[in-house]
Amino acid sequence: MRNIIRSTLLLATLFGFSGVLFAGAAEQVTVADAYVRAVPPGQPNSASFMTLTNTSSNDIVLKGAESPAAKAVELHTHTMSDGMMRMRQVEKIDLPAGQNVKLQPGGLHVMMIGLQQSLVPGEQIDLSLVFEDGSKMALKVPVVKLQMKMQDAAMKQKMN
């Protein structure tokens, strides 16, 4: 019995100590301008976009995402192939130390396949980012009508 108690205390001490030395990747990344694109009724897929900033001095890897709003959630990018823009799944998105990575239309994004709910502008969906170290970041992402997002970008450009 003493050995079990000693082992338990040793493990608790080790895990507690490692928690002080190692902060999960989710705690080292900030998210800005996140949104998910509203789609017409019957459209089965959508995408989410955002800017991810790695605030640490170590590279971080985004390995995936999860949401109850879709049957499958994947990391995707667009590539030019044979003169055509093609979308493809990627295994990961690298977040270099101290840098921003934009997930945007026509580039890297979070693809939501087999929508389980309507994406109503003005509402929010739950989305979790999953990092290589197993840590997760839970987000509430606003649903935005595409033309609203384009109008906001045009307005910001005029103001600059």
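Refer to the structure above for everything that follows.
Since we're looking at a predicted model, the values are computed, not measured. (Residues numbered from 1 in each chain as written. Predicted model: local features only at pLDDT ≥ 70, side-chain atom pairs only at ≥ 80, totals over all residues. Heavy atoms only, no water.)

Some points on the pattern of salt bridges
Then, number 1: All chains considered together, the criterion is met by 3 salt bridges.
Then, number 2: Across the pair E66 and K136 runs a salt bridge whose closest N-O atoms are separated by 3.1 Å. One end of the pair, E66, is in strand β3 (residues 60-66); the other, K136, is in strand β10 (residues 136-144), with 70 residues separating them in the sequence.
Then, number 3: You can call E66 partly exposed: its relative accessible area is 35%.
Then, number 4: Given a relative accessible area of 48%, K136 falls into the partly exposed group.
Then, number 5: Of the charged contacts in the structure, one is a salt bridge between D94 and K92, with a shortest N-O distance of 3.1 Å.
Then, number 6: On the basis of relative accessible area, D94 is assigned to the partly exposed category, the value being 43%. (Salt bridge = Lys/Arg side-chain N within 4 Å of Asp/Glu carboxyl O. Helix = DSSP H or I, 4+ residues; strand = E, 2+ residues; numbered from the N terminus. Buried < 20%, exposed > 50% of the residue type's maximum accessible area, 1.4 Å probe, protein only.)

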